[in-house]
Amino acid sequence: MDNMNYVFIGDSFPKQYDEEFTKKGKFNFSNTIFNNLVVEELEKNHNTFVLSAPYVGHYPIYSKTRKLKEIKVSDSHYIVKYNNLIGINAYSKTKNLVKCFKKHCTFKNDINFLVSETHLHNMKAAIKLKKKCPNSKITLLVFDLPENVKGVKKSFSYTLLKKINNRKVYKLVKKMDGFIFLSENMNSINKLNKPYFIIPGLADLNLYNNIKIEPHSGKVISYCGVLSKQFNVNNLVDAFHMLPNEDYELILAGKGDVVDYVKTMNDKRIKYVGMLSRNEALKIQLNSDVLVNPRLPNKEYTDSSFPSKTFQYLLTYKPTISYCFESFPEDIKKLVKTPKDINVESLSECIKVALTSKWHSKDEIDNTLKKYSSEQFIIMCDKLFEKVRKA
């Protein structure tokens, strides 16, 4: 099926809008980066229309932005306007996604709707549009199971609203025609045994193309992302603090509760550099001697997720330390360096060994990660939609 009509619905916008959405409240771009790779590859190979209602946190709890304006990225890519007030923002997003499609998209039938994330507004919009577009199908790209997506602020009302939301999500899941999961365990939501495929993540093989390696003294260990105790970043801080070497440096970039914890360590070798742009974070990663993802494998969500930063770290061709989850493919497990257990002392020892041991060759890493490129992803999407149409 050449020249398919694809409509992508999910958080996707060019990186020049990063700062704008960061100011509005958004600070975790991992899903957006994944989506952008998908969109870029779709646009190369198919007729593609992109609809996005980016999450910035609900007003007034997580964001100070009450209303977002429409942004026209191109004739075939729109960031829709919506009212961000908690309680009505999902309705507003759904309404404006549908409205934007009707106003700007020329596709009328035989559409492959590719919906990213189990957000009610994205799923509802696709279902509404499918009814008006004959012979169209919906595939859902699942980054996290609904029950594993948890806010920072906990309360009785939040827990109740989350349960209601999840029940609604699972009702809509049954109306999907196919699925893309990050791990086999995620297929537990596919109660009707619809067609699906597994891909743990996307590797952007050109990620560091325009970034320079700069000489530096000493040894640099880094972590860029959400600096949260939930993701065990405090363990990384503790593990580094155990290393006595004065010429070692730990660089932390991002936001989270570990920032205050770092201040209590009284260790001048630990550098907190704040919230950075994508390019600034990539520059730190490429110029590091060891990169660490300290998220432990004993959390409920790690069996059904794959940390996107692992691919980013591996593509620096520098030692990458990560605990391995059930969701890790065997070929990726072979590329990362894993502490012998979950104790902080073992992580500290692993960092020390990684700084002095031989690492995998560039060819070995490239040959493995090519299997997880956006090009391969779209080939698999095309095959999935062919299956969906025959099912």
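For the structure given in this document, a descriptive report is provided here. Since we're looking at a predicted model, the values are computed, not measured. Every chain's residues receive numbers from 1 upward, in the order its sequence appears when written. Where local features are concerned, this predicted model is filtered to residues with pLDDT of at least 70; where side-chain atom pairs are given and counted, the filter is 80 or more; whole-chain, interface and lining totals use all residues. Working from all heavy atoms in the structure, the side-chain values ignore hydrogens and water.

### Focus: the pairing of strand β9 (residues 178-181)
Note on exposure labels: buried denotes an accessible area under 20% of the residue type's maximum, exposed denotes more than 50%, and partly exposed covers the range between, all computed with a 1.4 Å probe on protein chains only. Each helix is a run of H or I in the DSSP string that is no shorter than four residues. Each strand is a run of E no shorter than two, and both are numbered from the N terminus. Residues Gly178 and Ile180 point to one face of β9 and Phe179 and Phe181 to the other, with burial holding for every one of them. Two strands make a pair as long as DSSP finds a minimum of two bridges between them. In this sheet, β9 lies alongside strand β8 (residues 137-142) in parallel orientation, the contact comprising four bridges. Looking across to β9, one finds that Thr139 is bridged to Gly178. Here β9 pairs with strand β10 (residues 196-198) via three bridges, running parallel. Each residue of the ladder has a partner; that of Phe181, found in β10, is Ile198.

### With respect to the pattern of salt bridges
A side chain of one charge can pair with a side chain of the opposite charge if their charged atoms are brought near each other. The rule for a salt bridge is simple: a side-chain nitrogen of Lys or Arg has to be within 4 Å of a carboxyl oxygen of Asp or Glu. Applying the stated criterion to the full structure yields 12 salt bridges. Residue Arg278 is joined to Asp18 by a salt bridge in which the shortest nitrogen-to-oxygen separation is 2.6 Å. Of this pair, Arg278 sits in helix α8 (residues 278-286) while Asp18 is found in helix α1 (residues 18-24), placing the two residues 260 residues apart along the sequence. Of the residues examined, Arg278 reaches a relative accessible area of 17% and is grouped as buried. A residue is classified by how much of its surface remains accessible, and Asp18, at 8% relative accessible area, is buried. Note that Asp260 and Lys263 form a salt bridge whose closest N and O atoms lie 4.0 Å from each other. Within this pair, Asp260 and its partner Lys263 are both found in helix α7 (residues 258-263), separated by three residues, close to a single helical turn. Residue Asp260 shares its accessibility class with Lys263, and that shared class is exposed.

### Considering the sheet that holds strand β1 (residues 5-9)
Taken in spatial order, the eight strands of this open sheet run β4-β5-β2-β1-β7-β8-β9-β10, and their pairing is mixed. The open sheet is flanked by β4 (71-74) and β10, the only strands paired with a single partner. On average, adjacent strands in this sheet sit at an angle of 15 degrees to one another, irrespective of strand direction. Bridging between strand β2 (residues 47-52) and strand β5 (residues 77-79) involves three bridges; their strand directions are parallel. Note that in β5 the partner of Ser52 across the bridge is Ile79. Contacts are residue-level and defined by heavy atoms, with any inter-residue pair within 4.5 Å sufficient. Lines fitted to C-alpha atoms define the axes, with helix axes restricted to the stretch in contact, and inter-axis angles between N-to-C directions lie between 0 and 180 degrees. Of the strands in this sheet, β1, β2, β7 (111-116) and β8 touch helix α2 (residues 30-45), which is tilted by about 165 degrees from β1.

### With respect to the nonpolar core
Among the nonpolar cores identified, the biggest contains 117 residues, and Val7, Phe101, Phe113, Leu252, Ile351 and Phe377 are the most heavily contacted of them. In this structure Phe113 touches Val7, Ile9, Phe101, Ala126, Leu129, Lys130, Cys133, Ser136, Lys137, Ile138, Thr139 and Phe385, once residues within four positions along its chain are discounted. Buried residues of nine kinds, namely Ala, Val, Leu, Ile, Met, Phe, Trp, Tyr and Cys, make up a nonpolar core once their side-chain atoms join them within 4.5 Å.

### Observations concerning the side chain of Asn83
In this fold, Asn83 is placed in strand β6 (residues 82-83). In protein, a polar contact requires one atom able to donate a hydrogen and another able to accept it; more generally it is a pair of N or O atoms within 3.5 Å, and residues adjacent in sequence count only if both atoms are side-chain atoms. Within polar-contact distance, the side chain of Asn83 engages the backbone nitrogen of Leu85 at 3.0 Å. Leaving out residues up to four positions away in the same chain, Asn83 has contacts with Arg66, Lys67, Ile88, Asn89 and Ser92.

### Focus: α2
Relative to the 22 Å expected for 16 residues at 1.5 Å per residue, α2 spans 24 Å between its end C-alpha atoms, a close match to the ideal helical length. Within α2, burial applies to Thr32, Phe34, Asn35, Asn36, Leu37, Val38, Val39, Glu41 and Leu42. Buried positions along α2 lie against β1, β2, β7, β8, α8 and α13 (374-390). In this scheme, a helix's expected span is set at 1.5 Å multiplied by one less than its residue total.

### With respect to the packing of helix α6 (residues 233-242) against helix α11 (residues 344-354)
Put simply, α6 and α11 touch, their axes get as near as 8 Å, and they point 60 degrees apart. One way to sum up the angle between α6 and α11 is to call them oblique. Note on packing geometry: the crossing formed by α6 with α11 is right-handed. Across the interface between the two elements, Asn235, Leu236, Asp238, Ala239 and Met242 of α6 pack against Val344, Glu345, Leu347, Ser348 and Ile351 of α11. Of the residues that constitute the contact of α6 with α11, the class distribution is six nonpolar, two polar and two charged. Here roughly perpendicular refers to angles of 65 to 115 degrees, roughly parallel to angles under 35, roughly antiparallel to angles over 145, and oblique to all remaining angles. Should the near helix be turned counterclockwise from the far one by less than a right angle, the crossing is left-handed, whereas a clockwise turn marks it as right-handed. The residue classification treats Ala, Val, Leu, Ile, Met, Phe, Trp, Tyr, Cys and Pro as nonpolar and Asp, Glu, Lys and Arg as charged. All others, Gly included, are polar.

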